[in-house]
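# Coordinate analysis (summary)
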Amino acid sequence: MRQNRGVSENRDVAAAKTSVRVGVIGGGQLARMMVPPAIHLGLEISVLAETEGMSAARAADMVGDYRDPETVYAFAETVDVVTFDHEHVPHEILLELERRGKAVHPRPHALQYAQDKILMREKLAALGVPIPAWAAVADEAALQEFIDENGGRAVVKTARGGYDGKGVRVVSQAEEVRDWFTALAEDARGGFLLVEELVDFTRELAQLVARRPSGETRAWPLVETIQQDGVCAEVLAPAPVSDRATADEAARIGAIVAEGVDATGVLAVEMFETRDGRVLVNELAMRPHNSGHFSIEGSITSQFEQHLRAVTDLPLGDPAMAAPFAVMVNVLGGPEEGPMPVRYASVLAAHPSAKIHSYGKLPRPGRKVGHVTVVGASLDEARAEARAAADGFA
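Just so it is clear, the structure is predicted and the values come from calculations on it, not from any experiment. (Residues numbered from 1 in each chain as written. Predicted model: local features only at pLDDT ≥ 70, side-chain atom pairs only at ≥ 80, totals over all residues. Heavy atoms only, no water.)

The subject of this paragraph is the overall build of the protein. For the protein, the helix and strand inventory stands at 13 helices and 18 strands. Reported as C-alpha extents along the three principal axes, the dimensions of the protein are approximately 85 × 50 × 45 Å. Taken across its 394 residues, the protein has 50% of its residues classed as buried. Carbon and sulfur atoms make up 50% of the accessible area of the protein, which totals about 17600 Å². In the protein, 40 side chains carry a positive charge and 56 a negative one; their mean positions are 6 Å apart. (Helix = DSSP H or I, 4+ residues; strand = E, 2+ residues; numbered from the N terminus. Buried < 20%, exposed > 50% of the residue type's maximum accessible area, 1.4 Å probe, protein only. Areas by Shrake-Rupley, 256 points an atom, 1.4 Å probe, with all protein chains shown as cover. Lys, Arg positive; Asp, Glu negative; His and termini not counted. Charge placed at Lys NZ, Arg CZ, Asp CG, Glu CD.)

Printed below as a string of structure tokens:
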């Protein structure tokens, strides 16, 4: 018996040595939703969380500042491949990880296009994909000239750090972003703001693509996203289209971008559909994305499983729809009396077909605290049910 137990222990040690540990920098809900598929794929997963008690606390093996080089280097030493819950880790730190021989996905030379909107626009222009008219401006005079030449209003964005509507302003006068120019001037490194034409669009779309280091690429069906105060509120999958032209064009763009930037993992290409039928690229995200949360129940392979497959260079799964339609509705704000589970019993009883995901966050106006997904044969019925279930947490 003792000898058999020793053999078993040796086998366990051997198995442990052959397992792959994925390290996720950032402890938010995206890292949290990577945990179940990691278990199913036989992967180990660790998280570097910014603070205690974050969404991905269950997998947080380290807490520290992702902007501190030594913290990131120490975390990376404990894992086999590094990936991300967000795009905010400084580029220089990621380059040093690669110099030390650590696998980083997406790689720094790709991730820079999601970290810096001006670099992104330059790259997209070089790839020849359709984008809004744009310019990098260093002062109010240059910004006002662009505004005057593009209909009297424009969208101004900080080059780095913006998300969910932050770092974005629609302006008609350059002085409306004077504080941003002042901040750039005080930064010593200088810099530019990104200004773009104010696109006359009918709706927003997103094309999600997954790509592994060996080059295999898979794409989900095109989805429509509905924004509320600059934050994604709903996702309709697949996007309602009157013909295949829009979906085909979005898929074409997604493939060009994924290959052109050398993406690894999940890439979200956010787009505008204009009133004259064009599709223009708005933003890029190189990680699982809010527009892909529907895929947990709505796709054969979710974006979270696919991301883990991709960054570990495993064969990619089928991203096709698992049902004719899926609708995802974000829970924004949450119940006044506490986190989402305080309402679970009543919402589950009233909406048994709804799949509810809590992010473990305390309520706060406008905050993404969870989401609800409903799949079915009718888009209208799925949307009504998902909205009603999400409203149960208001």
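Still more ground to cover, so stick around.
This part covers the sheet that holds strand β1 (residues 21-25). On the basis of which strands lie adjacent, the open sheet formed by five strands has the order β3-β2-β1-β4-β5 and parallel pairing. Because the sheet does not close on itself, it has two edges, and the strands there are β3 (60-63) and β5 (103-104). Sheet topology note: the β1/strand β4 (residues 81-84) ladder contains four bridges and is parallel. Bridged to Val22 within β4 is Val81. The strands that helix α2 (residues 29-40) touches are β1, β2 (44-49) and β4; relative to β2, the one it contacts most, it runs at about 170 degrees. (Pairing = 2+ DSSP bridges. Contact = heavy atoms within 4.5 Å. Axes fitted to C-alpha atoms, helices over the stretch in contact; angles between N-to-C directions.)

All right, on to the packing of aromatic side chains then. Summed over all chains, the structure comprises two aromatic pairs. With centroids separated by 4.6 Å and ring planes inclined at 20 degrees, the aromatic side chains of Phe201 and Phe272 adopt a geometry described as stacked. Here Phe272 lies in strand β14 (residues 265-274) and Phe201 lies in strand β10 (residues 201-211), a separation of 71 residues in the sequence. Note on Phe272: relative accessible area 9%, which makes it buried. With a centroid separation of 6.1 Å and 65 degrees between ring planes, the pair formed by Tyr344 and Phe393 is classed as edge-to-face. Here Phe393 lies in the segment after α13 (379-391) and Tyr344 lies in helix α12 (residues 344-350), a separation of 49 residues in the sequence. A cation over a ring is seen here: Arg67 above Tyr66, with NZ or CZ 5.7 Å from the ring centre. (Phe/Tyr/Trp six-rings, centres within 6.5 Å; stacked < 30°, edge-to-face > 60°. Lys NZ or Arg CZ within 6 Å of the ring centre and 35° of its normal.)

Let's shift gears to the packing of α2 against helix α11 (residues 303-311). At a minimum axis distance of 8 Å, the contact between α2 and α11 shows a crossing angle of 75 degrees. Judged on the interaxial angle alone, α11 and α2 are roughly perpendicular. Each of Leu30, Met33, Met34, Pro37 and Ala38 in α2 lies in contact with α11, whose residues at this interface are Phe304, Glu305, His307 and Leu308. In terms of residue class, the contact of α2 with α11 is built from seven nonpolar, one polar and one charged. (Parallel < 35°, antiparallel > 145°, perpendicular 65-115°, else oblique. Nonpolar A, V, L, I, M, F, W, Y, C, P; charged D, E, K, R; others polar.)

A few words on the UniProt feature "binding site: ATP" (unreviewed entry) in the protein. When the UniProt feature table is mapped onto this chain, "binding site: ATP" (unreviewed entry) is found at Lys117, Lys157, Glu196, Glu197, Leu198, Val199, Glu204, Asn282 and Glu283. Counting through the fold element by element, Glu197 comes out in strand β9 (residues 193-197). For Glu197, the contacting residues outside a window of four places in its chain are Pro132, Ala133, Phe146, Asn150 and Val155. Side-chain polar atoms of Glu197 contact the backbone nitrogen of Ala133, separated by 2.8 Å. Structurally, Val199 is set in the loop between β9 and β10. The contact partners of Val199, leaving out residues within four places of it in the chain, are Pro132, Phe272, Thr274 and Leu280. (UniProt positions renumbered as here; feature names shortened; annotations may be inferred. Polar contact = N/O pair within 3.5 Å; in protein donor to acceptor, adjacent residues only side chain to side chain.)

A few words on the environment of Asp139. If you trace the backbone, Asp139 turns up in the loop between β6 (134-137) and α7 (140-149). Owing to a relative accessible area of 39%, Asp139 belongs among the partly exposed residues under this scheme. Along the primary structure Asp139 and Phe181 are separated by 42 residues, whereas in three dimensions their C-alpha atoms are 6.6 Å apart. A distance of 3.2 Å separates a polar atom in the side chain of Asp139 from the backbone nitrogen of Ala141.

The next subject is the pattern of salt bridges. Under the counting rule described, the total for this entry stands at 28 salt bridges. A salt bridge links Arg67 to Asp65; the nearest nitrogen and oxygen atoms lie 3.0 Å apart. Close ionic contact of Glu337 with Arg343 constitutes a salt bridge, the shortest N to O distance being 2.8 Å. With relative accessibility at 19%, the residue Arg343 sits in the buried group. Connected via shared salt-bridge partners are Arg121, Lys157, Glu196 and Glu283. (Salt bridge = Lys/Arg side-chain N within 4 Å of Asp/Glu carboxyl O.)

An order of β6-β9-β7-β8 is seen for the four strands of this open sheet, with the pairing classed as antiparallel. Across the chains shown, the open sheet's two edge strands, defined by having one partner strand only, are β6 and β8 (168-171). On average, adjacent strands in this sheet sit at an angle of 25 degrees to one another, irrespective of strand direction. Taken together, the four bridges between strand β7 (residues 154-158) and β8 define a ladder with antiparallel strand orientation. When the bridges of β8 are listed, Lys157 appears paired with Val168. Relative to β9, helix α6 (residues 117-127) is tilted by about 50 degrees, and along the sheet it contacts β6, β7 and β9.

Relative to the helices and strands, Gln29 resides in helix α2. For Gln29, a relative accessible area of 13% corresponds to the buried category. For Gln29, the side chain forms a polar contact with the side chain of Lys361, separated by 2.7 Å. Among residues more than four places away in sequence, those in contact with Gln29 are Ser55, Asp85, Tyr359, Lys361 and Lys368.

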